[in-house]
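So you can see what is in the structure, the chains are spelled out below.
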Amino acid sequence: MRLRNVPGSRDTIAKSHYCFDTPTNLKGHWKDFFKNTNPIHIEVGMGKGRFITSLAQNNPTINYIGIEKYSSVLVRALEKQEELLLPNLCFIRMDAEDINDVFGEDEISRIYLNFSDPWPKDRHAKRRLTSVQFMNRYEKLLTPTGRLEFKTDNRPLFDFSLESIPEANWDLTTYTFDLHHNEELMVGNIMTEYEERFSREGNPICKLIALPPKKTYNNKKGNFYLEIHFLLY
Ligand SMILES: C[S@@+](CC[C@H](N)C(=O)[O-])C[C@H]1O[C@@H](n2cnc3c(N)ncnc32)[C@H](O)[C@@H]1O
């Protein structure tokens, strides 16, 4: 993506109540920030944020966090939010490689990836947001009943993801190579900026939904409940 520098975007982000720069202090404390215990959904690589802003407007009982690497892009989402002042929406400027520094275990209920950068060279495969390395990062922060939804028009990236996601032991529950002709998956679909552009150009949109590996709890509390269960039955 070609980036146009937006002068002052870093300052705008620094001053905003709705945006953070790699907020490690909020790890495990996002419920305190939102002042409620509603589920938290995140979009990684949100761009100008139209998708996540629409979701936040439509679903006031879910909290949304948009993550974007570049200030010049993120500031567009922030400008909109400064008008809307949605209490259930905020943004993080950071590289998603650091995602486990800002979210604690089981803190997130859903992850959206939309039109992620394809990183076509093999030597950059680890940077793809659906690589095994990224899936392992997401597994740590997602609740056991959480899920990941991924949309793209990039067929090589989608084919890569159909292999990398099961390789990371996630369960691919559903996928399509032509979302806009799939009645079931189109229910409630919100178009992103890139989705609108690529589908207008006639490109089919692929989508998949994946569930995280089953977590086995091996802490003292878990063992205690297992022992009680064993004694009772
Ligand atoms: C192709 S754009 C798609 C934007 C938007 N999701 C959409 O569908 O319209 C991908 C966005 O992801 C961001 N991005 C890519 N890799 C990232 C990373 N590792 N961490 C955070 N953001 C990233 C890019 O800066 C860019 O804004």
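Residues numbered from 1 in each chain as written. Predicted model: local features only at pLDDT ≥ 70, side-chain atom pairs only at ≥ 80, totals over all residues. Heavy atoms only, no water.

Caption draft 1: Region of the structure containing the sheet that holds strand 7 (residues 171-176). In space, the eight strands of this open sheet follow the order 1-4-3-2-5-6-8-7, with mixed pairing throughout. Two strands in the sheet have a free side with no partner beyond their single neighbour: strand 1 (19-21) and strand 7. Strand-to-strand twist of the sheet, defined as the mean angle between neighbouring strand axes without regard to direction, takes the value 20°. Along the sheet face, helix 5 (residues 132-141) touches strand 2 (40-44), strand 5 (108-114) and strand 6 (142-152) and points at about 140° away from the line of strand 6. (Pairing = 2+ DSSP bridges. Helix = DSSP H or I, 4+ residues; strand = E, 2+ residues; numbered from the N terminus. Axes fitted to C-alpha atoms, helices over the stretch in contact; angles between N-to-C directions. Contact = heavy atoms within 4.5 Å.)

Caption draft 2: Seen up close, the nonpolar core. One finds Trp30, Ile42, Val44, Phe103, Ile111 and Tyr138 to be the most contacted residues of the largest nonpolar core, which totals 37 residues. Membership of the second largest hydrophobic core comes to 18 residues, among which are Cys19, Ala56, Tyr112 and Ile190. (Core = buried A, V, L, I, M, F, W, Y, C linked by side-chain atoms within 4.5 Å. Buried < 20%, exposed > 50% of the residue type's maximum accessible area, 1.4 Å probe, protein only.)

Caption draft 3: Representation of the pattern of salt bridges in the model. What the rule picks out here adds up to eight salt bridges. Two residues, Asp21 and Arg93, come together in a salt bridge whose shortest N-O distance is 3.1 Å. Taken together, the residues span a long stretch of sequence, with Asp21 in strand 1 and Arg93 in strand 4 (residues 89-93) at a distance of 72 residues. With relative accessibility at 15%, the residue Arg93 sits in the buried group. For Asp159, the salt bridge goes to Arg155, with nearest N and O atoms at 3.0 Å. With Asp159 and Arg155 both in helix 6 (residues 155-167), this residue pair falls four residues apart, about one helical turn. The exposure class assigned to Asp159 is partly exposed, which follows from its relative accessible area of 33%. (Salt bridge = Lys/Arg side-chain N within 4 Å of Asp/Glu carboxyl O.)

Caption draft 4: Spotlight on the site of the ligand. Neighbouring the ligand are 18 residues, the closest being Gly45, Glu68, Ala96, Asn114 and Thr192. Within the contact set of the ligand, a nitrogen atom lies 2.9 Å away from a backbone nitrogen or oxygen of Ala96. When isolated, the ligand has an accessible area of 590 Å², and the protein chains bury 96% of it. Of the residues in the shell around the ligand, the class split is eight nonpolar, four polar and six charged. (Near = heavy atom within 4 Å. Polar contact = N/O pair within 3.5 Å; in protein donor to acceptor, adjacent residues only side chain to side chain. Areas by Shrake-Rupley, 256 points an atom, 1.4 Å probe, with all protein chains shown as cover. Nonpolar A, V, L, I, M, F, W, Y, C, P; charged D, E, K, R; others polar.)

Caption draft 5: Quick peek at the pairing of strand 4. Counting buried residues along strand 4, five of its five residues qualify, which places the element largely inside the surrounding structure. Burial of the side chains of strand 4 extends over both faces: Leu89, Phe91 and Arg93 are buried on one face and Cys90 and Ile92 on the other.

Caption draft 6: Just unusual backbone geometry, in detail. The phi dihedral of Thr22 falls on the positive side, at around 40°, and the residue is not glycine. Residue classification places Thr22 among the partly exposed positions, given a relative accessible area of 24%. Located in the positive-phi region is Phe115, a residue other than glycine, with phi close to 55°. Relative to the elements of secondary structure, Phe115 occurs in the loop between strand 5 and helix 5. Assessed through its relative accessible area of 9%, Phe115 is described here as buried.

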